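Spelled out from the first residue to the last, the chains are:
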Amino acid sequence: MQNANPRLKIKNLVQRYDGRKVVDDVSLEIWPGQVVCLLGPSGCGKSTTLRMIAGVEMQNSGEIWVDGNLICDTVFRVPPERRQIGLMFQDFALFPHLRVGENVAFGLRGSKADKGMRVEELLRRVGMSRYLEAYPHELSGGEQQRVALARALAPRPSIMLMDEPFSGLDNRLRDGIRDETLEILREEETAVLLVTHEPEEAMRMADEIALMRRGRIVQQGAPYNIYNAPVDREAVAFFSDVNIICSTVNGALADTPFGQFLTPGIADGQEVEIVTRPQHIKLDFDRSGTGPSPTIENGTAARGTVLRSRFMGSESLVEFRMEHDGSTLKATVPNVFLPKPGKVMWLLLRRNRCFVFPVETD
Ligand SMILES: Nc1ncnc2c1ncn2[C@@H]1O[C@H](COP(=O)(O)OP(=O)(O)OP(=O)(O)O)[C@@H](O)[C@H]1O
Ligand SMILES: [Mg+2]
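Reading guide: rules and limits
- Residues numbered from 1 in each chain as written.
- Chains lettered and ligands numbered in written order.
- Predicted model: local features only at pLDDT ≥ 70, side-chain atom pairs only at ≥ 80, totals over all residues.
- Pairing = 2+ DSSP bridges.
- Helix = DSSP H or I, 4+ residues; strand = E, 2+ residues; numbered from the N terminus.
- Axes fitted to C-alpha atoms, helices over the stretch in contact; angles between N-to-C directions.
- Contact = placed C-beta atoms within 7 Å.
- Expected span 1.5 Å × (residues − 1).
- Buried ≥ 20, exposed ≤ 12 C-beta atoms within 10 Å, placed from the backbone.
- Arc of directions from axis to C-beta.

The name that an unreviewed UniProt entry assigns to the chain is Fe(3+) ions import ATP-binding protein FbpC 2, with the source organism given as Roseovarius albus.

Rendered as structure tokens:
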């Protein structure tokens, strides 16, 4: 049966440096044609995870499987060059003494004509055709990166590990190269593990995101689920600014100036945070001291004073000092909306976009 096994499977990988667990029990599966993104802040263990899969570093414990075959545990180990895994790492390096075309052809087998065609095709797709004969030192950093990408894609690896592969490209170029790369990888049914610390990149590229923090995967799922059903406040905050409204549970409810929130499964007396993103705060004008009427969708309005407002391009960001407790809340409004500091407005929360989390006390 085809595809009975994931192309790549890692089980309970652990890596310690100086006694500190840098990768802590990480497990993942990637199927042919699937793009999984390891997303997390700097230092959380993303590159270390990739290095173990590539085989350039040995894990303390855990297993790596390819197409149902064990390729590495703590005893047995297939050497990196025999893993047939494509690599595109942060510190990629082209061979300085080889021309661009020779760099891309490096890992290719077959006739000269076949190799030539493959090289030409890939250079065209990354927009580097006219540099076929150039040497790496004649290229900019971003151009070198595109050549490295072409080189990694050329031998059609069945698994591709990519560590921030687009970080050296400017925004406009990046979108095009990203889409082109994805298309090539999908065409070839490659299983891709992409590392990034940029949420936009993960959302744009991944079929599945594995959110990583302090060596652990804290949440995994489709981008839509990670964004809309975050596991905790940090998971919300990783993707956008957050607003936090504090309360305490009483009778399975948290009372706030914005109305009551259900707190299923949280004990009475527990402090909670109601977390929401700036785009899910609604604004309304003050009508001589009163605001809009409460609704089921948006709860009760609370009053605040504009601290500052800024135009951000496609939206405006307005910060408020709230009357009830002096806290600051941020709201984004599409297009241009720049109320003057000191202006009084009413804020409402899109209740189905609010998340209630217990406050962790250590
Ligand atoms: N060879 C090593 N020896 C000791 N500590 C290391 C080694 N390699 C990495 N570390 C540490 O392990 C942690 C995880 O590093 P890693 O490179 O995996 O992070 P990362 O998630 O890729 O971060 P970034 O987004 O900045 O690239 C860091 O605290 C780093 O300092
Ligand atoms: Mg890294």
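## Examining the sheet that holds strand S20 (residues 355-358)
Spatial strand order, S13-S12-S11-S14-S20: 5 strands in an open sheet with antiparallel pairing. Edge positions in the sheet fall to strand S13 (259-262) and S20, since each has one partner strand and no second. Averaged over all neighbouring strand pairs, the angle between strand axes comes to 35°, with direction disregarded. Taken together, the 6 bridges between strand S11 (residues 243-250) and strand S14 (residues 271-276) define a ladder with antiparallel strand orientation. Paired with Ser-247 across the two strands is Val-272, which belongs to S14.

## Remarks on the pairing of strand S4 (residues 61-66)
As defined by bridge partners, strand S1 (residues 8-17) adjoins S4 across 5 bridges and the pair is classed as antiparallel. Looking at S4, one finds that Leu-8 is bridged to Val-66. Bridging between S4 and strand S5 (residues 69-72) involves 3 bridges; their strand directions are antiparallel. Across the sheet, residue Ile-64 finds its bridge partner in S5, namely Cys-72.

## Some details on the environment of Val-336
Relative to the assigned elements, Val-336 resides in the loop between strand S18 (328-334) and strand S19 (344-349). Spatially, the C-alpha atom of Val-336 lies 32 Å from that of Thr-196, the residues being 140 residues apart in sequence. The contact partners of Val-336, leaving out residues within four places of it in the chain, are Phe-311 and Ser-316.

## With respect to helix H3 (residues 112-125)
An ideal rise of 1.5 Å per residue puts 20 Å on 14 residues; H3 measures up with 20 Å between its terminal C-alpha atoms. Those residues of H3 not exposed but buried are Val-119, Leu-122 and Leu-123. Buried positions in H3, seen along its axis, are confined to an arc of 100° and lie on one side of it. Along H3, the residues that are exposed and aim more than 90 degrees away from the buried face are Ala-113, Asp-114 and Met-117. Within two residues after H3, Gly-127 carries a phi angle of roughly 70°, on the positive side.

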